[in-house]
Amino acid sequence: MLLGGLISEQQDNNKAGIPGLNQIKYLGDIFGNTTKNRMRSEIIVFVRPQVIRNALDAQGVAEEFRDRLETMRTPAPVIEGRDVAASPGPANNRRIPSPGR
């Protein structure tokens, strides 16, 4: 179940070059440059209810929560907008069930 979320977008346009010359049409392209950066961040909150019947269930839920928390603390590198899996290690070998399972 989706509880809510936040989306943030930022766009930066920077123009640099030789003062005066970069303002002249067509000639400014030779003596200056323009950079445009766009960044988008999303935070989505999901809720997955679980029934805990005994101490063993509670321990399993707590361990799963700790594992997920540790996974969030070690971000995977992002290249060209795609997630790249981190090197195999103890935290990355666990299968985390998707919501609804």
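The structure contained in this document is the topic of the report that follows. (Residues numbered from 1 in each chain as written. Predicted model: local features only at pLDDT ≥ 70, side-chain atom pairs only at ≥ 80, totals over all residues. Heavy atoms only, no water.)

1. Some details on the overall build of the protein
And step 1. When its secondary structure is counted, the protein shows two helices and four strands.
And step 2. Sorting the 101 residues of the protein into buried and exposed places 3% on the buried side.
And step 3. Of the contacts formed within the protein by residues at least 6 apart in sequence, a portion of 56% connects residues at least 24 apart.
And step 4. Total accessible area on the protein is roughly 9100 Å²; 56% of this is exposed by carbon and sulfur atoms. (Helix = DSSP H or I, 4+ residues; strand = E, 2+ residues; numbered from the N terminus. Buried < 20%, exposed > 50% of the residue type's maximum accessible area, 1.4 Å probe, protein only. Contact = heavy atoms within 4.5 Å. Areas by Shrake-Rupley, 256 points an atom, 1.4 Å probe, with all protein chains shown as cover.)

2. Let's talk about the environment of glutamine 11
And step 1. Structurally, glutamine 11 is set in strand 1 (residues 2–17).
And step 2. We classify glutamine 11 as exposed; its relative accessible area is 55%.
And step 3. For the pair glutamine 11 and lysine 36, spaced 25 residues apart in the sequence, the C-alpha separation amounts to 7.2 Å.
And step 4. Residues within four places of glutamine 11 in sequence aside, it is in contact with Asn37 and Arg38.

3. Section: the pattern of salt bridges
And step 1. Taken as a whole, this structure holds five salt bridges when the rule is applied.
And step 2. One salt bridge in this structure joins arginine 40 and glutamate 42, with 2.9 Å as the shortest N-O distance.
And step 3. On the basis of relative accessible area, arginine 40 is assigned to the partly exposed category, the value being 44%.
And step 4. Classification of glutamate 42 as partly exposed rests on a relative accessible area of 44%.
And step 5. In this structure, a network of salt bridges that share partners links the residues Glu9, Arg38, Arg40 and Glu42. (Salt bridge = Lys/Arg side-chain N within 4 Å of Asp/Glu carboxyl O.)

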